[in-house]
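Listed below are the residues making up each chain.
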Amino acid sequence: DDTERLRQLANQLGIAQRVHFLGFVPYAKVPQQLHAADIGLGYVPMTAWYENAPVLKTMEFLASGLPTIATATQGNQHYIRHGENGLLVDDTPEALATAIVMLGQDLQLREKFRTIACGSIRQYDFRTIVRTVLLPAYQAVVATN
């Protein structure tokens, strides 16, 4: 838990009034928190450990219609199409800052991403997976017996 150190850092940087540390948020309240945000940051380090991992928060941001910036790992590239439904960036502070400032200032691009985001990952919805993958597989097994 790094909250206290981060609060002190926000004070030192003079941004404490603009940074909110929410702490634990019950799962049922996560959508409400996401709808209050302007941009989602699907950051994971670009390392071998994380390169191919699916990033649940990136999917949740998109499913909530939240304009999203994500590091350009293979896992995030599975969901984000750069410039179409979000932004992919390197995992450097400069790349992240540039994307955050750019998207923060470009209301038209944020609205474009907000409009496209949810539909862009609909194929990963559990009901869609059951209908298009799981049930046909079960039906094929049953039909062969």
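Residues numbered from 1 in each chain as written. Predicted model: local features only at pLDDT ≥ 70, side-chain atom pairs only at ≥ 80, totals over all residues. Heavy atoms only, no water.

### Focus on the nonpolar core
Phase 1: Met59, Leu62, Ala70, Ala72, Tyr79, Ile80, Leu88, Ala117 and Ile121 form the largest nonpolar core, which has nine residues in total.
Phase 2: With residues near it in sequence (within four places) discarded, Ala117 still touches Leu62, Gly65 and Leu66.
Phase 3: Residues Leu87, Ala99, Leu103 and Leu109 belong to the second largest nonpolar core, which totals eight residues. (Core = buried A, V, L, I, M, F, W, Y, C linked by side-chain atoms within 4.5 Å. Buried < 20%, exposed > 50% of the residue type's maximum accessible area, 1.4 Å probe, protein only. Contact = heavy atoms within 4.5 Å.)

### Let's talk about the packing of helix H5 (residues 93-105) against helix H6 (residues 107-120)
The relative placement of two packed helices is expressed as an angle between their axes plus a distance between the axes.
Phase 1: Interhelical geometry of H5 versus H6 gives an angle of 90° and a closest axis separation of 5 Å. Between H5 and H6, the angle is such that the two are roughly perpendicular. Contact residues: Met102, Leu103, Gly104 and Gln105 in H5; Leu107, Leu109, Arg110 and Phe113 in H6.
Phase 2: Of the residues in the contact of H5 with H6, the class split is five nonpolar, two polar and one charged. (Axes fitted to C-alpha atoms, helices over the stretch in contact; angles between N-to-C directions. Helix = DSSP H or I, 4+ residues; strand = E, 2+ residues; numbered from the N terminus. Parallel < 35°, antiparallel > 145°, perpendicular 65-115°, else oblique. Nonpolar A, V, L, I, M, F, W, Y, C, P; charged D, E, K, R; others polar.)

### A word on the sheet that holds strand S2 (residues 68-71)
Phase 1: An order of S1-S2-S3 is seen for the three strands of this open sheet, with the pairing classed as parallel. The sheet is open, and its two edges are formed by strand S1 (40-42) and strand S3 (87-89), each paired on a single side. Taken over all neighbouring pairs, the strand axes of this sheet differ in orientation by 20° on average, direction set aside.
Phase 2: Pairing of S2 with S3 involves three bridges; the strand directions are parallel. Within S3, the residue paired with Thr71 across the bridge is Val89.
Phase 3: Sitting on the sheet, H5 is in contact with S1, S2 and S3, with an inclination near 160° to S3. (Pairing = 2+ DSSP bridges.)

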